[in-house]
Amino acid sequence: MRIGRFEISLKAPVPALSIHNSSALVPYSGGGGWLSTILEPFSGAWQQNKSARGPKEVTAFSAVYTCISLIAGDISKLRIKLVEQIDGIWREVTPPDGNAHRPVLVKPNDYQTRIQFLMQWVSSKLLHGNAYALKRRDERGVVTALYILDPCRVTPFVAENGSIFYVIKRDPLSTVMADDYAVEASEIIHDTMITLFHPLVGVSPIYACGAAAMQGMQIQADSEEHFRNRSRNTGILSIPTGGLTDPQLDAMKARWDQNYGPGGKGGTAILQNGMTFTAMRMSAVDSQMIDLLRWTVEDVARCFHVPLHMLGVAGSDPSYNNIGAKNQSYYSQALQILIECIELLLDEGLGLIKVGYGAELDLKALVRMDPEARMRVAKEGVSGSILEINEARADEDYPEVSGGDLIWMQQQNYSLQALAQRDKKADPFATTTPLTAQDDEPEEDEESRERAAHDFLMKELADVEYA
């Protein structure tokens, strides 16, 4: 295979398991790549030609769809900031218009907004275990656009010298106009979920919860069929000994299915000659359908690390009634690792670190719907000498005020060093300092100062009244 003017000898596609048993990896239907997760309903199912569960099937289950859309939606609403390390602290900067690195963070490509771009990135990673972003560079070598690729149409390869390449199928939307288009790893941002089997093969959460999702869908389909038949169950018609002949039995069965089967109207049955009907199907209560369906939702949520109350599961609210604590739990379990990966990959993939910059997702959007928490953070930040007043006002989209660019501290606060010096005195709690020979004159006491201030104020008031 040629890449430019170089001839590259490639090994087998990266899924290393295919070296030992290529049947263990089942391609997605209609996809051109390899399946990044081994989807087996039980050990050895692929040898028995059991159908695997692909993303298109399991995403029809509401819990899977909700987990993916919730996580992808929450991350996509975080603004990507360009930050610079100033005095050891990463601060957001607004570089001049000529800065080459900021535009791609604001507008990743010509057909997607920043929100759509991040949503596709995270959805691809959660659904397939891998997300691929193809870089487009200008004549300076600076990345000016990023395109999220279909993971089913991308295959990593490893060269004999250990170099990594990616072979991409034709994708005009991502400016790939040729089949089997090979690019070096430096031109691809590859984000993976946990890599259980190979460093370049991410494993989707669906690998663990696919069976539960299919079970939940089967429960729903079974329930739908049950109610489509007017909640009437199948069963056995019993006829006393010496009853009908075979042709008569066939005719009876056909008439029964027509009138009372799934396609029938479910009318009232009339039994003759001692015939009885015995139901064969368990009712929804007998089979505990609701409990089983809830378990499948819980299993899916567990694999995506999403708290149950985020999915609206009844009775799953935590014991603490604090929005901030709930959001913190959701962030640390489901979002943080995904956000950290995106930031680090953008730093390295766009070459920001080399020029002293970095990419950072603004987490303030996660608490935007909790005004009480925002006000509490702003108040405590200002009173605790952490935030300037104007910084707190800017977070709430308020204009700056005069004097708001200073750090405030209440007067009664003292440093430990000052308190230690005070305690060294003979009487640490003395309110006045004894006079020494070096003092020119004694200091005025509090009463004298108050009397002088009062006299001055009365004089000023008298002058105003006289005027």
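Remember, it's a predicted structure, so these values are computed and weren't measured experimentally.

J.: Describe unusual backbone geometry, listing the residues and the values that go with them.
T.: Apart from glycine, the bulk of residues carry a negative phi angle, and the bulk of peptide bonds sit in the trans form. For Asp 180, which is not a glycine, the phi torsion comes out positive at approximately 50 degrees. In this fold, Asp 180 is placed in the loop between strand 9 (164-168) and strand 10 (181-184). Overall, Asp 180 belongs to the partly exposed group, its relative accessible area being 42%. The phi dihedral of His 305 is positive, around 60 degrees, even though this residue is not glycine. Relative to the assigned elements, His 305 resides in the loop between helix 8 (289-304) and helix 9 (323-349).

J.: I'd like a description of the pairing of strand 9, backed by residues and values.
T.: Of all five residues in strand 9, four are buried; the element is thus mostly enclosed. Pairing geometry for strand 8 (residues 154-159) and strand 9, over five bridges, is antiparallel. The residue bridging Val 158 from the neighbouring strand is Ile 164, located in strand 9. In this structure, the hairpin formed by strand 8 and strand 9 is closed by a connection of four residues, where Gly 162 is found at a positive phi of approximately 90 degrees. Where strand 9 meets strand 10, four bridges bridge the pair, whose relative direction is antiparallel. Note that in strand 10 the partner of Tyr 166 across the bridge is Val 183.

J.: Account for the packing of aromatic side chains, naming residues and giving values.
T.: Here the distance between the centres and the angle between the planes together describe a pair of aromatic rings. Inspection of every chain in the model, using the stated rule, returns four aromatic pairs. Judged by centre distance (6.2 Å) and plane angle (25 degrees), the ring pair of Tyr 111 and Tyr 147 falls under stacked. Of this pair, Tyr 111 sits in the loop between helix 4 (102-106) and helix 5 (114-128) while Tyr 147 sits in strand 7 (residues 143-149); the two residues are 36 residues apart in sequence, bridging distant segments of the chain. With a centroid separation of 5.9 Å and an interplanar angle of 85 degrees, the aromatic rings of Phe 197 and Tyr 207 are classed as edge-to-face. Here Tyr 207 lies in helix 6 (residues 206-228) and Phe 197 lies in the loop between strand 11 (188-192) and helix 6, a separation of 10 residues in the sequence. When its relative accessible area of 33% is taken as the criterion, Tyr 207 is described as partly exposed.

J.: Give a detailed account of the side chain of Lys 81, specifying residues and quantitative values.
T.: Mapping Lys 81 onto the fold places it in strand 4 (residues 80-86). Overall, Lys 81 belongs to the buried group, its relative accessible area being 12%.

J.: Can you tell me about helix 8, naming the residues and giving the values?
T.: With 16 residues, helix 8 should cover 22 Å at 1.5 Å per step; its first-to-last C-alpha distance of 23 Å lies within 8% of that length. Inspection of helix 8 places Met 289, Thr 296, Val 297, Asp 299, Val 300, Ala 301, Cys 303 and Phe 304 among the buried residues, and these make up the whole buried set.

J.: Account for the sheet that holds strand 7, with residues named and values stated.
T.: Spatial ordering of the open sheet is given by 7-6-11, a layout of three strands whose pairing is antiparallel. Strand pairing shows two members of the sheet lacking a second neighbour, strand 7 and strand 11, which therefore form its edges. Between one strand axis and the next, the sheet turns through 25 degrees on average, direction left out of account. As defined by bridge partners, strand 6 (residues 130-137) adjoins strand 7 across six bridges and the pair is classed as antiparallel. Following the sheet pairing, Tyr 132 is matched in strand 7 by Leu 149.

J.: I'd love a proper account of the packing of helix 3 (residues 62-76) against helix 5, names of residues and values included.
T.: The N-to-C vectors of helix 3 and helix 5 enclose an angle of 145 degrees; their axes lie 8 Å apart at closest approach. As for the relative orientation of helix 3 and helix 5, their crossing is right-handed in sense. In this structure, helix 3 uses Ile 68, Ile 71, Ala 72, Gly 73, Ile 75 and Ser 76 to contact helix 5, whose residues at the interface are Arg 114, Ile 115, Leu 118, Met 119, Val 122, Ser 123, Leu 126 and Leu 127. Tallied by class, the residues present in the contact of helix 3 with helix 5 amount to 10 nonpolar, three polar and one charged.

J.: Describe the pattern of salt bridges, with residues and values.
T.: One pass over the full model with this rule turns up 11 salt bridges. Residue Lys 125 is joined to Asp 191 by a salt bridge in which the shortest nitrogen-to-oxygen separation is 3.0 Å. Taken together, the residues span a long stretch of sequence, with Lys 125 in helix 5 and Asp 191 in strand 11 at a distance of 66 residues. Classification of Asp 191 by relative accessible area gives buried; the value is 3%. Salt bridges here are not isolated pairs; linked through shared partners, they connect Arg 79, Glu 92 and Asp 362.

J.: A description of the environment of Arg 170 should follow, citing residues and the corresponding values.
T.: With respect to the helices and strands, the residue Arg 170 is situated in the loop between strand 9 and strand 10. For Arg 170, a relative accessible area of 38% translates into the label partly exposed. Once the C-alpha coordinates of Arg 170 and Asp 180 are considered, the two residues, 10 residues apart in sequence, prove to be 7.1 Å apart. In this structure, Arg 170 is in contact with Arg 153, Val 176, Met 177, Ala 178 and Asp 179, ignoring residues within four places of it in sequence. A polar contact of 2.5 Å, which involves the side chain of Arg 170, links it to the backbone oxygen of Met 177.

Calculation notes
- Residues numbered from 1 in each chain as written.
- Predicted model: local features only at pLDDT ≥ 70, side-chain atom pairs only at ≥ 80, totals over all residues.
- Heavy atoms only, no water.
- Helix = DSSP H or I, 4+ residues; strand = E, 2+ residues; numbered from the N terminus.
- Buried < 20%, exposed > 50% of the residue type's maximum accessible area, 1.4 Å probe, protein only.
- Pairing = 2+ DSSP bridges.
- Phe/Tyr/Trp six-rings, centres within 6.5 Å; stacked < 30°, edge-to-face > 60°.
- Expected span 1.5 Å × (residues − 1).
- Axes fitted to C-alpha atoms, helices over the stretch in contact; angles between N-to-C directions.
- Left-handed = near helix turned anticlockwise from the far one by under 90°.
- Contact = heavy atoms within 4.5 Å.
- Nonpolar A, V, L, I, M, F, W, Y, C, P; charged D, E, K, R; others polar.
- Salt bridge = Lys/Arg side-chain N within 4 Å of Asp/Glu carboxyl O.
- Polar contact = N/O pair within 3.5 Å; in protein donor to acceptor, adjacent residues only side chain to side chain.

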